[in-house]
Amino acid sequence: MDISRILQSLSLWLILVTIVHAGNGSFVELDQRIAAVRDLLVHLDRSRQLLVLTCWSPSVRYALWQTIRKHTNHSSTISVRFGPVDTRHLPWHERNQHQTVIVVDLSCPGTDILLENANQLLYYRVRWIVLESVYDESTINGWKSCTKDSLLDRLPLLISNELFYFCTDVATGRHLVRQQYRLSAASSSTPIYETFGVWEPELGIHLESPIVRAPVTSVRRQNFQQFQLRASLVILHNETLNHLDDLHNKHIDTISRVNYLLTKSVAHALNATVRFTIVDTWGYRDQETDRYNGMIGELQSDLADLGGTSMFFTQDRIKAVDFLSMTASTRASFVFRAPKLSFTDNVFVLPFDQYVWYCTVSFILLSGLLLLVVLRTEQRYNVSTSAERNSTTTVTGLSDTLLNVFGTTCQQGSFIEPKTAPSRCLILLCLVVLMFLYASYSANIVALIQSPSTKIQTLEDLLASRLRTGAEDTVYNQYYFRHETEPIRKALYERKMRNKDGTENFLPLAQGVELVRQGHYAFHVEQGVCYKVISETFQEEEKCGLQEVEYLKVIEPYYAVQKNSSFREPVRINLFKLREFGIQGRENTLLYTKKPRCVGGSSFIPVSIVDVWPALVTLGWGYFLTITMLVTEHLWIRLRGRVLPTDGYFQQ
């Protein structure tokens with residue numbers, strides 16, 4: 001059994017013993033603190049754990065535990081934990097913080113210090129119930145009056161907090177459950193008060209109408225009352241600052257311009273204003289300090305509330321910022337025109353399936369063997385004249401017939417002149433069958449030479465291909481290519497991106513796209529930006545065969561905010577609304593260009609050395625073997641000429 005459970009059981013047993021000795025076996029009467037906590041928990045969804053950090057007596061604690069246990073069913077059991085008023089008992093690193101409700105009593109010594117040191121737990125994930133059980137002249141019917149509280153006013157109760165406190169309205173005498181929040185942690189920020197509901201000891205809590213309509217806090221608090229949000233925007237070209245609201249040169253800093261418009265839309269939906277700061281990078285992490293510069297650095301240093309430019313979701317950035325939503329429908333990848341099929345494959349072996357090649361070779365061997373048998377039979381039983389026999393080509397063996405059939409396969413004719421019906425039928429059969437085979441092969445070769453290759457589909461294929469590579473000269477391209485440790489990506493950078501003289505193939509956008517148009521070049525660039533330039537500069541037939549290979553292997557860029565920001569949920573909700581209402585899609589359609597459609601067909605491609613290179617290689621090997629055999633025969637004849645006289649001498 002867990003030690004904490006054992007201690008908790010012992011504490012409950014001691015409490016029970018104390019109650020029995022103090023009250024002669026009868027439980028204390030249920031007071032309003034326990035009733036208030038019980039009635040409020042009914043309206044707090046996802047409550048699975050109640051953490052009570054008070055100075056209450058053991059009898060009150062036991063009564064609270066018994067009441068909570070009695071009023072919860074088995075499907076929604078709430079575990080109750082008790083502890084002293086100490087920050088060490090706060091759920092700093094618990095996995096299910098969002099299911100925890102903390103109960104504190106302002107009358108207990110040290111509660112004010114605990115609340116002041118709770119930091120982000122006051123407004124992030126954890127919910128609070130604050131009670132005041134002191135009866136003095138400022139108390140009406142057991143609760144403190146609903147006046148400004150100096151302690152609560154100076155706490156960082158930001159807009160995402162869910163802190164509930166009980167007080168009594170002086171004018172009406174009603175017991176209220178109140179909430180309050182501020183838009184900024186600055187002391188000059190004015191608190192905004194909300195009435196969650198009205199509490200009656202006998203009837204429980206009656207929710208106010210705005211709470212009933214929007215029970216979720218982040219949905220209800222959508223009015224920022226012209227509060228100024230701070231957004232950090234990554235701009236790589238100074239000219240973009242003059243065209244953030246128009247479509248001039250929309251292929252420059254496109255991702256920043258899309259998110260700039262979406263950030264303004266979010267601010268408008270929240271009734272807020274926004275102030276942008278300009279940086280020139282998303283941010284690099286310092287290994288020593290574990291801090292970032294650029295946009296991420298401003299979010300870490302509380303210089304910005306929103307990341308105005310979406311960024312790629314990477315593992316090292318998870319600890320620095322919170323990612324909310326994908327706002328830019330674009331990816332960065334290698335874009336290239338598919339090379340000719342002969343650039344990646346030997347087109348002379350592609351027309352036929354492997355089984356067709358097997359059948360063709362088998363047909364040649366079988367035909368040569370049958371032709372040899374027929375001709376040998378003709379020579380043995382031939383009854384023609386000697387003149388006719390002399391006119392018939394002499395066949396000496398299997399190699400002659402195989403050579404004859406192979407020449408027939410290549411449409412070079414037959415050097416054997418058949419005289420009898422069986423041999424003529426066999427030769428005619430070979431000529432007809434191989435004619436159709438040759439016609440099919442030749443037609444397919446012509447089509448394959450004009451066809452693009454689809455063999456380059458992965459980074460391994462790109463690395464093994466003869467395509468040259470380059471990347472757009474941007475900060476994120478330089479960072480990812482230079483710091484990549486995965487073997488294939490690292491090899492791609494070292495063998496194709498970095499030249500032998502130490503230079504790197506980081507090029508301007510226009511130059512890289514022009515190299516793609518010329519062919520045999522893969523350019524790593526943001527797809528939507530690249531396709532805009534391609535649509536304007538490529539001929540219609542050049543737009544066919546465009547292919548992409550992803551290098552980064554990351555999902556679409558994400559919109560980010562400060563880590564554990566109080567604006568996280570309101571901003572995320574409105575980003576989702578922009579997507580659902582089509583506003584995000586509209587901005588992406590206006591600023592990003594989709595992949596051009598192939599409407600012009602492919603133009604005629606002249607045959608080049610690459611197309612016939614396998615044939616030239618075969619011819620070269622043939623010349624080499626011929627010369628080798630010629631030299632070998634010449635040496636053999638000379639050697640044999642020297643040996644033969646000696647043999648004749650010994651024979652005599």
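## Here's the deal with the sheet that holds strand β4 (residues 127–131)
Whenever strands of a sheet pair, they do so through backbone hydrogen bonds, lying parallel or antiparallel.
In step 1: Pairing is mixed across the open sheet formed by 8 strands, whose spatial order is β2-β1-β3-β4-β7-β8-β9-β10. The open sheet has two edge strands with one neighbour each: β2 (79–83) and β10 (204–207). Averaged over neighbouring strand pairs, the angle between their axes works out to 25 degrees when direction is ignored.
In step 2: As paired strands, strand β7 (residues 162–168) and strand β8 (residues 175–181) are joined by 4 bridges and run antiparallel to one another. If you follow cysteine 167 over to β8, its bridge partner there is leucine 176.
In step 3: Along the sheet, helix α2 (residues 32–41) makes contact with β1 (49–53), β3 (100–105), β4, β7, β8, β9 (192–200) and β10, crossing β9 at roughly 110 degrees.
In step 4: Sitting on the sheet, helix α3 (residues 58–70) touches β1 and β2, and the angle it makes with β2 is about 165 degrees.

## Considerations on the confidence of the model for the protein chain
Close inspection of predicted coordinates is inappropriate for parts of the model with low pLDDT.
In step 1: For the protein chain, per-residue confidence averages 83 on the pLDDT scale, and 88% of positions sit at 70 or higher.
In step 2: Of all the helices and strands in the protein chain, helix α1 (residues 3–23) carries the lowest mean pLDDT, 46, while strand β11 (residues 228–234) carries the highest, 95.
In step 3: Segment residues 12–29: pLDDT under 50, and 20 contacts once partners within four positions in sequence are set aside and those in other chains are kept.
In step 4: Ignoring residues within four places in sequence, the model shows residues 135–140, a span with pLDDT below 50, making 10 contacts including any to other chains.

## Regarding the pairing of β4
In step 1: Within β4, 5 of the 5 residues are buried, which leaves it mostly tucked inside the rest of the structure.
In step 2: Sheet topology places β3 next to β4; 5 bridges connect them, and they run parallel. Bridging from a neighbouring strand, isoleucine 102 pairs with tryptophan 128 of β4.
In step 3: Where the polypeptide runs from β3 across helix α4 (residues 111–116) and back to β4, its parallel neighbour, the crossover connection is right-handed.

Criteria and cut-off values
- Residues numbered from 1 in each chain as written.
- Predicted model: local features only at pLDDT ≥ 70, side-chain atom pairs only at ≥ 80, totals over all residues.
- Heavy atoms only, no water.
- Pairing = 2+ DSSP bridges.
- Helix = DSSP H or I, 4+ residues; strand = E, 2+ residues; numbered from the N terminus.
- Axes fitted to C-alpha atoms, helices over the stretch in contact; angles between N-to-C directions.
- Contact = heavy atoms within 4.5 Å.
- pLDDT = per-residue confidence, 0-100.
- Buried < 20%, exposed > 50% of the residue type's maximum accessible area, 1.4 Å probe, protein only.
- Right-handed = clockwise from strand over helix to strand, strands pointing away.

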